[in-house]
Structure formats: structure tokens, C-alpha cells
Amino acid sequence: MLKVFKYTLIDLARNRFVLGYALLMLFVAEGLFFVEDDPSKALLSLVQVVMALVPLIALVFTIVYSYDSLEFTQLLAVQPIARRSILAGQLLALCTALLVAQGFGLGLPLIVHLPNMAALMLSFSGSGLVLVFTALGLLIALKQREKARGVGVGLTVWFLFVLVYDALLMALMFSFSDHPIEPFVVPLAALNPIDMGRILVMLQVDLAAMMGYSGAVYKDFFGSYGGIAVAAAVLLLWFVVPTLFSFRTFQRKDL
Amino acid sequence: MEVLAIAAPGDTIHVYGEVHEGTITIEKSVVLIGHDGAVIDGGEQGEVVLIKSNDVTIEGFTIRGSRISNLEDNAGIKASECRNTVIQDNFLDGCFFAIYLSGSKGALVEHNTVVGHNVRDDQMGNGIHLWKCNSAIIRNNTVRNHRDGIYFEFVTDSRIIDNISTGHIRYGLHFMFSHRNEYIGNLFRDNGAGVAVMYSHHMIMRHNRFEANRGASAYGLLLKEINDGEVTDNLMMDNTTGLMVDGCNRISVERNEFRNNGWALRLFANALYCAFNDNAFIANTFDLSSNGELKENVMSGNYWDRYVGYDLDHDKVGDTPHRPLGFFALLVERIPYAMVFSRSLFVSLLDRAERLLPTLTPAALQDEHPLMRQQEWVGKADKNNGNAPISVRTMNGRSNDMDHG
Amino acid sequence: MAEPRITFTDVGKRYGKLWALRNLNVAFHPGEVVMIIGPNGSGKTTLIKGLLGLVRPTTGSIAVNGTVIGTDPAYRQAIGYMPQISQFPAALTIGQLLDMMRDIRELDDASIDDRLITDLGLDKQLDKRLNELSGGTRQKVSAVLAFRSKPEILVMDEPTAGLDPVSASKVLGRAAEVRERGGTVLVTSHLMEEVETLADRIAYLEDGHLRFILPMSEILESTGQQRLAKALPELLVRKVATGANA
């Protein structure tokens, strides 16, 4: 696994897309910090960019890279090496490459311009989203034989997570606003990894407002450092479950 | 201390490093100055220093040991029905009430450090407590960890200047039925409920900082039933609610900076003839919320960091009005737990749509002349000439050093 | 003949509704080169992929050296595979790719056969990135990978496609060496002329069925032809006429 990881990472380190991603994030982050004279305001814009862009890029890149390296994956699969080692090495390399790119493009500007808890949380959830959507992208690529369809499924998944899920949940909240459905809506929102990442940053940014809200469920759920634990658990789950499915699929897949 | 009995009015008594135990009652006009750590310890008997004469000065003592009581407001220094009392440079350490003035005229309370012992609510009195006083000056004191930091009831024509009031269970500063007072250049931070000004008129509030007052009913500043007031050049930062205005008339809120609050401004619709001009609203979760229309009030020339208009004629004023009351703020008023969707893509799309085509938000509530950039001088609450320079860690991690001249 | 090296027993493979391979029973032995031919879609690739462990048979089993292929990848240590590959990891160099494969196979210098690197003129191009290579050079890299570990089973997919005649004959020469030292070589090719001189037996697949597997000499003898390309049509007509299935 480590050998596959090592050489895949060497390949990814010189991948133009990965470099482009790092530069794009750097450009966006630096641009926002430059345009806004107030760094904490730039952070708020950055939150929205990260929550939309990171899942999209992780998904699409992973899917495209998986299809493009299919022949090479075949070559690896005929070597005396277990399939799970191949997949683990590739997944790990993809995650590492994207995380490093993001650390450079997003983490660095945050450390320079705004070294605080909210920025730390943004880096943390951004990293979590990279892991989650790389895992999902890999699963999609393994499940769909055609590249175009794979990318299509990826875009659909992204759209569901980034917009449709919240829209449905808010519609639910509206239509049952007279019923005590808070205990359902809040945990449901937290099930979406993008929402979870956003809530984590928001618990820092909107802390003042959050403390004005006395809802018990809310507090139980995200209270103090419990929020980070819940978030980490949710993100981990979203990483582990698709990855397990990926391993199962890859183990039986005809290459 | 026995010398007090033989002193003549007008004498000055110097006390060097002595620990006095028990209550001291001063019934003649003397100047009492402590040196080298002079201590007066009431020994939990009741009052510690009781002033019953005009023209008394207490200076330079450490005062402690007033008894906690449910029946009596025992204080570290209490003056009743006196004129021209001066209390300065003392350290009031863990008193039930620290400085208690009732019916006094022309008192000066200056350069004291007042620290309560943070115990239960009912075992804690106010730091500097004034009842039925007038023409008092409370200046350059540091007050920490009491129930109310500074409390005024039926106090008129007095000034509260350059004090630091932090970590109190209830209010950092609390006015009840107190008129024509002003407080300027103070710092109120991390108090259970912030600062409350209630049932008073002709109040001047300038150059103060209201910071980090958080909780379900915590405000930077709560104005309740206030007529004719002026809230100018203040900074409201990191509060659950920056400024709450309930039942007020003719208040002018100008040149304040609202930064990083949950709600910058909460207005009840019963406000009349209030003006909200030239303020800056930055990085608040909500800039404004209200429970109705605000017809007789004006709002103009503010800087809103959420404003997305343009300035084609380059007069630094946006060409389209700004509607500070967003769809999401209204939603959260109705369904509080909707907060979980704060800053999500869907919500920001809805908010943007609402600003373009208002259907839910009241039309009257808008700033016709929103500024494109924040004015330099807005919210500069830096006139604090308090005791020692203190560094305040803010939420966004930068430290704001206060200039204490 | 000795114990077979590779045995296909009742092997069938279905993709969706389509059977790519049906009821295949065949054995390949040490010291022989078998050329597998047939039209596109006849099942050649599936046969090879089954042996390589890339696809799992729907029915039956494949055994290498007497052991049925399962999830244990160890048997592939014996296999050298020369694929037709168009996309290597773009940013790796030839040298890095060779290192990677050596690391994965855990080869030491003694067990490596690197003669082809110099034979094919790759030694001066080790620092070139794989995405800068021509199709021919990629094919050479592919060949090096296959021979490097001195395999006892060599699988070559269209080995001469894209190679210049000199390189092609060098590659085939190495394949002959594998046979000489007792290896089993399986070759699929459309370019029969180049490979037939090497082949000991010819397997012909059609629609997933093995139509026949016959010694080269027997084919030429029975048809009286010198070249496989001429002998094959004749043989197929005859087989259809007699209705025989191998």
C-alpha cells in the first residue's frame, strides 16, 4: 500500500490540476483578504466559497483521476499485490495531495491573515470535506463504468449536498413549524457533511448569536467542544462508509 | 485609628501599614489617608467604614470584611446623607457591597479598585452603588465580579467616566429612574447581562465599549423606556445583542460601531422618533431585527458591510437603499432553531433574492443613504483614560489595545 | 507432457447478459508459446484477464501451478504481463515507474532482468515523463515491465503493435528465451506473421467458445500451407463442415 501511495503521490505532486487547485484556493483566499479590509469579513465569504468549492473539486477531480488512471490500475492489479492495497494507496495519495494543496491554498492565507479559532475550524472542516468527497468520488468512479456518467453523478451528488438537502430540510421545517420537530431537524442538518462543516465554523463566527439561543437540543448537540466531537464523528462516518463500499466494490470489480 | 476620636474637623490622619479590625464610623469631616498597605478589616461584623459627616475623604486603604446579609446592604465604604465625600485610591476586596452612597451630593469616587468574590447571586451586592444622589463623579475605577458593577437609582446630574466594569453577574452598569446623567469612555465587558439603562431621561452615553456580553438575555446596551438620550461613538462588539431599544423616544444612535454581535440592533416597534445615523455594522450575524414597522424613526448614512449596491456618482453613498432586515433574520425570529442554516448557500440565495425583490420585509425599514465605506471616526470608543492599559482579546483574535493616555 | 502450468476448468464469464467466455477447458504447459487468436469480442481478452486476476470467472475455475486463483495475489509473482497501455501515470518518469514496479514486486537486483532496457534504447530516456512518450516508447516500457522479473508465465497483449521491426524482434526473442527456460508464454495478436514463427500452438476463439487449439505444425501440415494467415481460413471452413468443436 505504501508503495502505491508513494508513487501515486509523486504522480499527483506534479499533476497540473492539483497545482491549479492550490493556486485557485490561494488566489480566492488572498483575493478576499485583499478586497475586504476586515479579515473576519473575508472569512465569512471564504466560508461560502470553501463549502461549495471544496466538495465540488474533490469530487470531480477524484472521479476524473480515477478514470484516467484506470489502465494503470489494471497494470497494478496484475502485480502480486492485494487489491485493497492498491485502493488504499490511491485513496491515501489523493487525500494527501488535495489536503496539501488545500493547506497551501487555504490554510496558509488563513494563518497569515487571521490566526483564530474560526479560521482553524474552517481549515478543519475544509480538510474534512476533502476527505469525505474524495471518498465519495472514488466510490462513484468505481460504480460507474463511463467517465461522463461518473462526472454527471458526481455533479448531482454535489448539488444535492450543497443546496437541495438544505432546501428540503427548510421546507420541512416550514411546513411543520407548529410542531416540535427541532429534535429532528437539527441532527438531520448535521448529517450533511457540508452543513456540519459550516455549522462548525458558524459556532465560532456566530457564537454571540448562538448563545442567545436557548434551545436545548441545539446546545446538547453542539455545546462547547461537544460540537467538534460530533462534527468529527459525522465527517469520519462520511469518509469511512463510502470507503468501505469502495473496497467491497473494488475487490469484486472486473477491471 | 484611635486618633479618630480626638481628631478635630479638618484634620488629616495618616495611617501607616496598620491593620484595623472592626467597623470604623466617621462622624466628623476628616481626611483619612492609608499608606504602606493600610488595611481596614470589618471582620464580617456589618459595615466596614461608615461615613456620617460631610467633607470626608477616604484614601489609600485596603478595605474588606463587610458582612453578607439578606436584610442589610452592608458595604465596604458607606456614606449616608453626606456632601462632598471623596473615596479614592482604595482597594475594596471582596465586600458585599463595596462603595455605597445614599442621599449624597457631590461625591467623588476615583481610582478605586473594586473586586467582588464571585459567589452566588444572593451573596453578592453591587460594586459602586448610588441611591438618591446627585452631582456625583465616578471616575477611573476598576470594578470586577460583583452583582451590578455600578448601580444608580434615583441619581441625577452625575457622570461616570473612564471606568472598567467587567465580569459582573448581572449588569456592568445599571441605571434606574436616573436622569440627566452621562457615562463616557467606560469599558463594559463580559457581564452577565451587559449594561441596562431603564426608566430614565436625558441620558448621554458616549465613547464606551460594550463587549462580550453573551447569553439568552444579554445585551451590550439595553435601553428601556428612555426618553431623550444620546448613544454616540460607542463600540458594541461580540455581544449576543449589541443594542436593544425597547419603548424609547427621541434617542439618537449615531457613529457607533457594531461588530461581531449576534444581533447588532434589536428594535421594538414601539420606538418613536429615534434616529440611527452614521453607524457602522460589521460582521454581525444579524444587523437588525424588529417585531414590526418602524415608521417614525429614521435610519440614514450608516455603513453596512452587507450592502451590495453601487455608487455610480462617486459621492461615497450607495445609489440604492439598503434593507438591513433580511429574510433569514425574520425566519430566525419565528423559528429560532433555523439558526442551524446560518450562512448556508441556500439561505444566502434566499437572502439575496429577498433584498432584490422584497416580499416579506417591511419597506419602511431601510437606509436610503448607505455608505460605501466605513467612516474612520465611527465607533472610536478610545477616550478611555482608565487605570492601566489593558489588552482585550477579541473574537477575531486580534488584540485591541485600549489607549489609556 | 508434464504437469500443466495453467488450467482453465469449465470457465465461463458473463458481463450483464452477454457471455464473453463459455465453458472453456484448456491447459497451457511449461516450455510452450501459445498464440490466442480470434475476431474482436471473441473472448481473447477475457481469457487473459481471467488468468491475470483482473476478472473473476462466473463459472468454473482457473488454476496456476495446481492452485486455483482466489483472492491471494501471490501467484501473480510468477506472471509477467505486457499490456497495451495508453495512459501511464502522467507525471512519473520511466525510471520512477520501473522503481515502483520493482518495489511492488519486491525484487532485488539479482532477480532483475534489465537487458531489454538497453536493448530497446530506453536507458537514455529514464528521466523522461511518461506523458511525453510516443506510443512506441510506451510499448517498449510495457515490454520491459513484463520481462523484468524473469517470469515463468508471460502474457503479451498485441506485443508488436506500435513497435519498430527491430524492437519487435528483440521482444519476441526474449519471449523465446522464456520458453527455452521452461516458461509458458501466451500471446494475443492480430499481426500473425510476426508472432507465428514463435508459436507452438494456436488457440482460436469465437463468440466466447474455444473453436480449436492445435499445434502450429499440425495446422500447417493438414492444410498444406506455409503461413497461418492462409491456413486459418481453410481450417475454419473444414471445421465448420465437419461440425467439430475442439
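Residues numbered from 1 in each chain as written. Chains lettered and ligands numbered in written order. Predicted model: local features only at pLDDT ≥ 70, side-chain atom pairs only at ≥ 80, totals over all residues. Heavy atoms only, no water.

Q: What exactly am I supposed to notice about helix α7 (residues 216-223) of chain C here?
A: Three or four residues apart is the spacing at which side chains of an α-helix point the same way, because the helix has 3.6 residues per turn. All names here are of chain C. Regarding α7, the residues found buried are Met216, Ile219 and Thr223. When α7 is viewed along its axis, its buried side chains cluster within an angular range of 65° and face the same direction. Of the residues flanking the end of α7, it is Gly224, one or two places downstream, whose phi is positive at about 75°. (Buried < 20%, exposed > 50% of the residue type's maximum accessible area, 1.4 Å probe, protein only. Helix = DSSP H or I, 4+ residues; strand = E, 2+ residues; numbered from the N terminus. Arc of directions from axis to C-beta.)

Q: Can you walk me through the pairing of strand β12 (residues 97-102) of chain B in this structure?
A: Every other side chain in a regular strand lies on the same face of the sheet, so the side chains alternate between the two faces. Residue and element names in this part refer to chain B. Within β12, six of the six residues are buried, which leaves it mostly tucked inside the rest of the structure. Pairing of strand β9 (residues 75-80) with β12, which is carried by five bridges, proceeds in the parallel orientation. What sits directly across from Lys78, in β12, is Tyr100. Sheet topology note: the β12/strand β15 (residues 128-131) ladder contains four bridges and is parallel. Across the sheet, residue Tyr100 finds its bridge partner in β15, namely His129. (Pairing = 2+ DSSP bridges.)

Q: Sorry, what's going on with the side chain of Glu47(B) here?
A: All names here are of chain B. Locating Glu47 in the fold gives a position in the loop between β5 (39-41) and β6 (49-51). In this structure the side chain of Glu47 is engaged in a polar contact, spanning 2.7 Å, whose partner is the backbone nitrogen of Ala75. Other than its neighbours up to four places away in sequence, Glu47 contacts Thr23, Asp73, Asn74, Ala75 and Lys78. (Polar contact = N/O pair within 3.5 Å; in protein donor to acceptor, adjacent residues only side chain to side chain. Contact = heavy atoms within 4.5 Å.)

Q: Would you explain the pairing of strand β29 (residues 249-254) of chain B in this entry?
A: Residue and element names in this part refer to chain B. One ladder, built from five bridges, connects strand β26 (residues 219-232) with β29; its direction is parallel. Along β29, the bridge assignment pairs Thr232 with Glu254. By the bridge criterion, three bridges tie β29 to strand β32 (residues 275-277) in an arrangement that is parallel. Counterpart to Ser252 in the pairing with β32 is Ala275.

Q: Sorry if this is basic, but what is going on with the domain arrangement of chain B here?
A: Interface size, as often reported, equals the accessible area lost upon joining of the parts. Residue and element names in this part refer to chain B. Assigned domains of chain B: these are domain 1 (1-178) and domain 2 (190-325 + 362-405). Taken together, the contact pairs 22 residues of domain 1 with 21 residues of domain 2. A combined buried area of about 1,500 Å² lies between domain 1 and domain 2, and 49% of that area is made up of carbon and sulfur atoms. Looking at the side of domain 1 facing domain 2, the largest losses of area belong to Asp162, Tyr171 and Phe175, adding up to 32% of the total buried there. Taken together, the connections running from domain 1 to domain 2 amount to zero salt bridges. Along the contact surface separating domain 1 from domain 2 lie 14 residue pairs in polar contact (both at pLDDT 80 or more). Those elements giving two or more residues to the side of domain 1 that touches domain 2 turn out to be β20 (164-166) and β21 (171-176). (Domains from an automatic or database assignment. Buried area = accessible area lost by both parts, 1.4 Å probe. Salt bridge = Lys/Arg side-chain N within 4 Å of Asp/Glu carboxyl O.)

Q: Please explain the environment of Ser69(A) as it appears in this structure.
A: All names here are of chain A. With respect to the helices and strands, the residue Ser69 is situated in the loop between α3 (39-68) and α4 (70-77). Overall, the relative accessible area of 11% leaves Ser69 in the buried class. Taking the C-alpha atoms as reference, Ser69 lies 21 Å from Leu244; in sequence the two are 175 residues apart. Reaching out from Ser69, the side chain makes a polar contact with the backbone oxygen of Tyr65 at a distance of 2.7 Å.

Q: Mind showing me how you'd approach the pattern of salt bridges here?
A: Think of it this way: side chains of opposite charge can pair up when their charged atoms draw near. Summed over the entire model, instances satisfying the criterion amount to 29 salt bridges over all chains. A salt bridge links Asp195(A) to Arg198(A); the shortest N-O distance between them is 2.9 Å. In this pair, Asp195(A) and Arg198(A) are both assigned in helix α9 (residues 193-205), three residues apart and thus about one turn of the helix distant. A residue is classified by how much of its surface remains accessible, and Arg198(A), at 3% relative accessible area, is buried. Glu257(B) is the salt-bridge partner of Arg259(B), the closest N and O atoms lying 2.7 Å from each other. Comparing Arg259(B) with Glu257(B) shows no difference in burial state: the two are buried.

Q: What should I look at first to understand the packing of α4(A) against helix α5 (residues 83-113) of chain A in this one?
A: Any two packed helices are characterised by how steeply their axes cross, that is the angle between the axes, and by the distance between the axes. Residues and elements named next belong to chain A. Viewed as axis vectors pointing N to C, α4 and α5 meet at an angle of 140°, and their least axial separation amounts to 10 Å. In terms of axis orientation, α4 runs oblique to α5. As α4 runs across α5, the sense of the crossing is right-handed. On α5, the residues that touch Thr73, Leu76 and Ala77 of α4 are Arg83, Ile86 and Gln90. The class makeup of the residues in the contact of α4 with α5 is three nonpolar, two polar and one charged. (Axes fitted to C-alpha atoms, helices over the stretch in contact; angles between N-to-C directions. Parallel < 35°, antiparallel > 145°, perpendicular 65-115°, else oblique. Left-handed = near helix turned anticlockwise from the far one by under 90°. Nonpolar A, V, L, I, M, F, W, Y, C, P; charged D, E, K, R; others polar.)

Q: How do you make sense of helix α5 (residues 165-180) of chain C when you look at a structure like this?
A: All names here are of chain C. Taking 1.5 Å per residue, 16 residues should reach 22 Å; α5 reaches 22 Å between its end C-alpha atoms and fits that length. Along α5, the positions that sit buried rather than exposed are Ser167, Ala168, Val171, Leu172, Arg174, Ala175, Ala176, Val178 and Arg179. Just beyond α5, the residue with positive phi is Gly182, at close to 95°. (Expected span 1.5 Å × (residues − 1).)

Q: Would you mind going over the interface of chain A and chain C with me for this structure?
A: In this assembly, 24 residues from chain A lie in contact with 34 residues from chain C. Summed over both sides, the interface between chain A and chain C buries roughly 2,800 Å², with carbon and sulfur atoms accounting for 59% of that surface. Considering only the side of chain A, the residues that lose the most area to chain C are Tyr7(A), Val78(A) and Pro80(A), jointly responsible for 24% of the buried surface there. Where chain A meets chain C, there are two salt bridges. Residue Glu106(C) pairs with Lys3(A) through a salt bridge whose shortest N-O separation is 3.0 Å. The tally of links between chain A and chain C comes to 14 residue pairs in polar contact (both at pLDDT 80 or more). Elements that contribute at least two residues to the side of chain A that touches chain C include exactly α1 (2-13) and α4 of chain A.

Q: How do you make sense of the sheet that holds strand β4 (residues 59-64) of chain C when you look at a structure like this?
A: The strands that make up a sheet pair up through hydrogen bonds in the backbone, lying either parallel or antiparallel. Residues and elements named next belong to chain C. Taking strand neighbours across the sheet as the criterion, the four strands line up as β2-β1-β4-β5 in an open arrangement whose pairing is antiparallel. The sheet terminates laterally at β2 (18-28) and β5 (67-68), the two strands that pair on one side only. In the sheet, strand β1 (residues 6-15) pairs with β2 via seven bridges, with the strands oriented antiparallel. Considered in β2, the bridge of Phe8 is made with Val26. Against the sheet, helix α1 (residues 44-52) touches β1, β2 and β4, its axis set at about 115° to β1.

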